Number of protein chains: 2
Amino acid sequence: MRILGIDPGTNIIGWGIIEKLENKKIIPIAYSSIIIGKKNSFGEKLEIIFDNLNKIVSVYKPNIAAVEELFFVNNIKTGISVSHARGVILLALKKMNIETFEYKPLEIKQAVAGYGRADKKQVQAMVKNILKLSEVPKPDDTADALAVALCHESSMKLKKILLKK
Amino acid sequence: MRILGIDPGTNIIGWGIIEKLENKKIIPIAYSSIIIGKKNSFGEKLEIIFDNLNKIVSVYKPNIAAVEELFFVNNIKTGISVSHARGVILLALKKMNIETFEYKPLEIKQAVAGYGRADKKQVQAMVKNILKLSEVPKPDDTADALAVALCHESSMKLKKILLKK
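Residues numbered from 1 in each chain as written. Chains lettered and ligands numbered in written order. Predicted model: local features only at pLDDT ≥ 70, side-chain atom pairs only at ≥ 80, totals over all residues.

A. Spatial organisation of the overall build of chain A. Helices and strands together make up the secondary structure of chain A, namely five helices and five strands. Element order for chain A, N to C, with α for helix and β for strand: β-β-β-α-β-α-β-α-α-α. The C-alpha radius of gyration computed for chain A amounts to 15 Å, which stays within 12% of the reference 15 Å derived for 165 residues, consistent with globular compactness. Across its three principal directions, the C-alpha atoms of chain A cover 50 × 35 × 35 Å. (Helix = DSSP H or I, 4+ residues; strand = E, 2+ residues; numbered from the N terminus. Rg over C-alpha atoms; globule rule 2.2 N^0.38 Å.)

Spelled out as structure tokens, the structure:
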């Protein structure tokens with residue numbers, strides 16, 4: 001099973017695909033960030049996000065997607081802007097029939113680093129360790145996207161354990 | 001010139017198309033609202049918005065679109081949800097190469113009713129009068145969308161006058 005994790009944004013959209021092998025090992029398939037020039041109009045930015053996501057899915061064929069939920073108290077303007085991009089991301093996944101799950105930042109930290117108040121660096125270090133990478137993927141958005149994918153994998157595992165009980 | 005006005009929302013998206021004739025008369029071409037069942041998943045809602053907007057544009061072939069900007073202080077949750085839908089609306093218009101303008105609620109009220117603090121009913125009554133409709137279009141979102149289109153028409157007229165001076 002291939003999981004596509006996405007960290008939404010307006011100018012940088014992190015994405016990462018992981019696969020769980022039959023021996024239960026989790027390996028990274030591909031990961032990067034869609035980086036959009038700040039000079040692009042807002043409409044152009046949304047189109048770049050949509051088109052790039054289409055390409056990523058058609059090349060790496062994930063079965064499932066996990067997208068970080070928005071969480072902000074400080075900056076409503078950023079929240080609105082990211083929500084526009086997030087709408088386009090959810091539409092792209094829906095159009096390509098990729099079943100999509102959403103996770104809160106707290107759930108992601110909890111799943112990857114073991115506790116919800118872990119800081120960004122700790123989560124990224126865990127992503128590097130779990131996926132046996134030589135270094136933390138850059139930019140941060142890429143590492144964050146892999147964390148979202150790992151969160152979904154871990155949440156699926158948890159659901160299976162709960163079902164067994 | 002045909003102008004498509006849009007009043008964004010998550011469950012109801014108002015739309016209205018007006019045309020300015022050579023004799024400068026403004027007539028309504030078509031107007032309605034995309035009404036989405038509340039039982040649809042969020043991804044399904046976004047897809048319904050995208051698909052319906054595509055149909056509206058391909059049938060009525062507007063040259064330009066005007067979309068209401070978000071304005072809220074009370075309900076951040078609604079704002080985030082509408083922003084997702086609005087991202088999809090802007091993407092659809094970009095994909096169909098429709099040049100798109102955005103107007104604040106205040107600008108729309110100012111342009112249609114003559115002052116920015118006009119209430120909803122006054123704006124809707126003006127929409128009815130300007131377009132010589134027998135009644136105010138329902139739901140409110142449809143009338144609001146026509147107001148957005150009229151605002152763009154009026155703002156274009158204003159720009160032309162300013163250029164002449």
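B. Expanded view of the relation of the copies chain B and chain A. Once turned by 180° and shifted 0.0 Å along the axis, chain B lies on chain A with an RMSD of 0.0 Å. On the angle and the small slide along the axis, the relation comes out as a two-fold axis. By C-alpha distance to the rotation axis, the residue of chain B lying nearest is H84(B), at 2.3 Å. Interface overlap between copies: 100% of the residues of chain B at the interface are likewise at the interface in chain A, consistent with a symmetric, same-surface contact. (Least-squares fit on C-alpha atoms with pLDDT ≥ 70 in both. Contact = placed C-beta atoms within 7 Å.)

C. Representation of the packing of helix α3 (residues 105–113) of chain A against helix α4 (residues 120–130) of chain A in the model. Residues and elements named next belong to chain A. Running from N to C, α3 and α4 cross one another at 50°; their axes reach a closest spacing of 9 Å. Of the possible angle classes, the one that applies to α3 and α4 is oblique. Crossing hand, α3 versus α4: left-handed. Between α3, through K109, V112 and A113, and α4, the contact on the second element is made entirely by Q122, V123, M126 and V127. Grouping the constituent residues of the contact of α3 with α4 by class yields five nonpolar, one polar and one charged. (Axes fitted to C-alpha atoms, helices over the stretch in contact; angles between N-to-C directions. Parallel < 35°, antiparallel > 145°, perpendicular 65-115°, else oblique. Left-handed = near helix turned anticlockwise from the far one by under 90°. Nonpolar A, V, L, I, M, F, W, Y, C, P; charged D, E, K, R; others polar.)

D. Structural view of the interface of chain B and chain A. Across the boundary between the two partners, chain B contributes 21 residues, which contact 22 residues of chain A. For the side of chain B that touches chain A, the residue count by class is ten nonpolar, six polar and five charged.

E. Up close: the pairing of strand β2 (residues 12–20) of chain A. Residue and element names in this part refer to chain A. Pairing of strand β1 (residues 2–7) with β2 involves six bridges; the strand directions are antiparallel. For G5, the partnering residue across the bridge sits in β2 and is G16. By the bridge criterion, nine bridges tie β2 to strand β3 (residues 26–35) in an arrangement that is antiparallel. Note on β3: the bridge partner recorded for I12 is I35. What sits between the antiparallel neighbours β2 and β3 is a turn of five residues, in which K24 has the positive phi angle 75°. (Pairing = 2+ DSSP bridges.)

F. Structural view of the sheet that holds strand β2 (residues 12–20) of chain B. Residues and elements named next belong to chain B. With mixed pairing, five strands are arranged side by side in an open sheet as β3-β2-β1-β4-β5. Because the sheet does not close on itself, it has two edges, and the strands there are β3 (26–35) and β5 (99–103). Each strand axis lies, on average, 20° off the axis of its neighbour in the sheet, ignoring direction. Across five bridges, strand β4 (residues 64–68) lies against β5 in parallel orientation. The residue bridging V67 from the neighbouring strand is E102, located in β5.

G. Layout of the sheet that holds strand β4 (residues 64–68) of chain A. Residues and elements named next belong to chain A. The five strands are arranged β3-β2-β1-β4-β5 in an open sheet whose pairing can be described as mixed. Of all strands in the sheet, those bounded by a partner on one side alone are β3 and β5 (99–103). Taking each pair of neighbouring strands and ignoring which way they run, the sheet shows an average axis angle of 20°. Lying on the sheet, helix α1 (residues 42–60) is in contact with β1, β2 and β3; it crosses β3 at an angle near 160°.

H. Spatial organisation of the packing of helix α2 (residues 76–95) of chain A against helix α1 (residues 42–60) of chain B. Following both chains from N to C, one finds α2(A) and α1(B) inclined at 90°, their axes separated by 9 Å at the closest point. Comparing their axes, α1(B) and α2(A) come out roughly perpendicular. Together, G87(A), L90(A), L91(A), L93(A), K94(A) and K95(A) of α2(A) and F42(B), G43(B), E44(B), L46(B), E47(B) and F50(B) of α1(B) make up the contact between the two elements. The residue inventory of the contact of α2(A) with α1(B), partitioned by class, reads six nonpolar, two polar and four charged.

I. Summary view of the confidence of the model for chain A. Taken over all residues, the pLDDT of chain A has a mean of 93, while the share at 70 or more is 95%. On the interface metric, ipTM, the complex scores 0.91, and its pTM is 0.93. (pLDDT = per-residue confidence, 0-100.)

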